[in-house]
Amino acid sequence: MVYRTFEQVVSAVHKHREKRVAAVAAANHASVLQAIIQAKRQGIVEAILIGDSAAIKRELIALGGEIGDYDIVHATDNLQAGEKAVALAKEGQANFLMKGMMDTQDILKPVVKKENGLQMGHIMSHLGFNQLPNYPKLIVNTDGGMVVSPTLQEKKEIIENAVSAFHALGYSLPKVAVLAGVEKVNSHMPETVEAAALQQMNQQGEIGGCIVRGPLSYDIAMSASIAREKNCACPEAGDFDILVAPNLAAGNILGKCWSCSAGAIMGGVVIGAKVPVILTSRGAKAKEKFFAIAIAALVALGMEKQNER
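In this report, we go over the structure that sits alongside the text. Note that the coordinates shown come from a computational prediction; the quantities given were computed from them, not determined experimentally.

## With respect to helix H4 (residues 78–90)
Its 13 residues place the ends of H4 18 Å apart at the C-alpha level, agreeing with the 18 Å of an ideal helix rising 1.5 Å per residue. Among all positions of H4, only Ala 81, Gly 82, Ala 85, Val 86, Leu 88 and Ala 89 are buried. Along the axis of H4, the buried residues cluster in a sector spanning 155 degrees; they form a single face. Put simply, Asp 77 is the residue that caps the front of H4, since its side-chain oxygen is 3.3 Å from the backbone nitrogen of Leu 79. Phi turns positive one or two residues past the end of H4, at Gly 92, with a value near 80 degrees.

## Details of the layout of surface pockets
Taken as a whole, the largest pocket spans an internal volume of roughly 630 Å³. Taken together, 25 residues make up the lining of the largest pocket; nearest its centre are His 126, Asn 252, Lys 256, Met 266 and Ser 281. Counting residues per element, the ones that place at least two in the lining of the largest pocket are strand S5 (125–131), helix H10 (248–261) and strand S10 (265–271). Ranked by residue count, the leading element in the lining of the largest pocket is H10, at six residues.

## Notes on the pattern of salt bridges
Applying the stated criterion to the full structure yields 10 salt bridges. Between Asp 239 and Lys 137 there is a salt bridge whose closest N-O contact spans 2.9 Å. Taken as a pair, Asp 239 in the loop between helix H9 (224–229) and strand S9 (242–244) and Lys 137 in the loop between S5 and strand S6 (139–142) lie far apart in primary sequence, 102 residues in all. Of the charged contacts, one joins Lys 137 and Asp 241 as a salt bridge, the two residues approaching to 2.8 Å between their closest N and O atoms. With Lys 137 in the loop between S5 and S6 and Asp 241 in the loop between H9 and S9, this pair connects stretches of sequence that are 104 residues apart. Taken together, the salt bridges that share partners define one network made up of Lys 137, Lys 175, Asp 239 and Asp 241.

## Here's the deal with the pairing of S5
A regular strand places its side chains on the two faces of the sheet in alternate fashion. With respect to burial, S5 is a largely interior element, seven of its seven residues being buried. Note that S5 and S10 share seven bridges and pair antiparallel. Along S10, the bridge assignment pairs Asn 130 with Met 266. Two elements, S5 and S6, share three bridges in a ladder whose sense is antiparallel. Bridge pairing links Gly 128 to Asn 141 in S6.

Definitions and limits used
- Residues numbered from 1 in each chain as written.
- Predicted model: local features only at pLDDT ≥ 70, side-chain atom pairs only at ≥ 80, totals over all residues.
- Heavy atoms only, no water.
- Helix = DSSP H or I, 4+ residues; strand = E, 2+ residues; numbered from the N terminus.
- Expected span 1.5 Å × (residues − 1).
- Buried < 20%, exposed > 50% of the residue type's maximum accessible area, 1.4 Å probe, protein only.
- Arc of directions from axis to C-beta.
- Polar contact = N/O pair within 3.5 Å; in protein donor to acceptor, adjacent residues only side chain to side chain.
- 1 Å grid on protein atoms, 1.4 Å probe; cavity = no way out; pocket = protein on both sides within 12 Å on 5 of 7 lines; lining within 4 Å.
- Points joined across faces, edges and corners; volume = space filled by probe spheres on them.
- Salt bridge = Lys/Arg side-chain N within 4 Å of Asp/Glu carboxyl O.
- Pairing = 2+ DSSP bridges.

Now the structure itself:
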């Protein structure tokens, strides 16, 4: 299974009879509601909209949505909206969470509360799924949104989070490139040392279900011809599914470069809790939020099926 476009992801969601339910916290935001309305009309998800109920209804009407199509739960402020969304996931009434017009911490705080039971004992990390004009399939950039300066152990968990999401999407052996400025180990460049260690962990079976290569420079990871020119023996060059950035700054810059300068379409989700969490930027377009919903719905379906085995 390989997804080459977001449209293929949407088609895959359509094939499942079970509709996933999104709990949208602070839902009174135009682009979020546009994405939810589109997803609802296409039969991808049902949605519970949480926040200022009067504002949500006004926005729905303005966007041509039908108030009766949605469960609307009133919340007095954003923190309460986040808590109510998480409670719905905890109770099994929602399969994934989505952030609306609120600070990220207002939804993440209740997610990581031990008593809510959504935290799984390791880190949560962001997966930016990107459709690039000149790359043959969807590619993930991680982590550009959650873990500021990951340790070696945290990078291992970032890879494991990404791989678990790809397995949920139906990939059997996703290919992971651990990025650095050069493709050779240099003791003065710690990210190269850690990349080599992660590759070794993979070869020794400590990181399973995937192929990990590193350190790799970005150009080698993305181009088989450049890998050949540089005499780098990397069979997966130009065919990676996941790029692991050395830190949040690098991952964030890479994602924004793709989006702003390369015409990429991005749909992002956070993995590591018991349900996916959509934390798209408030400045993201409705189209990107719609694709993030499709990704989250398909990942949630896959995770649930894995848990049933």
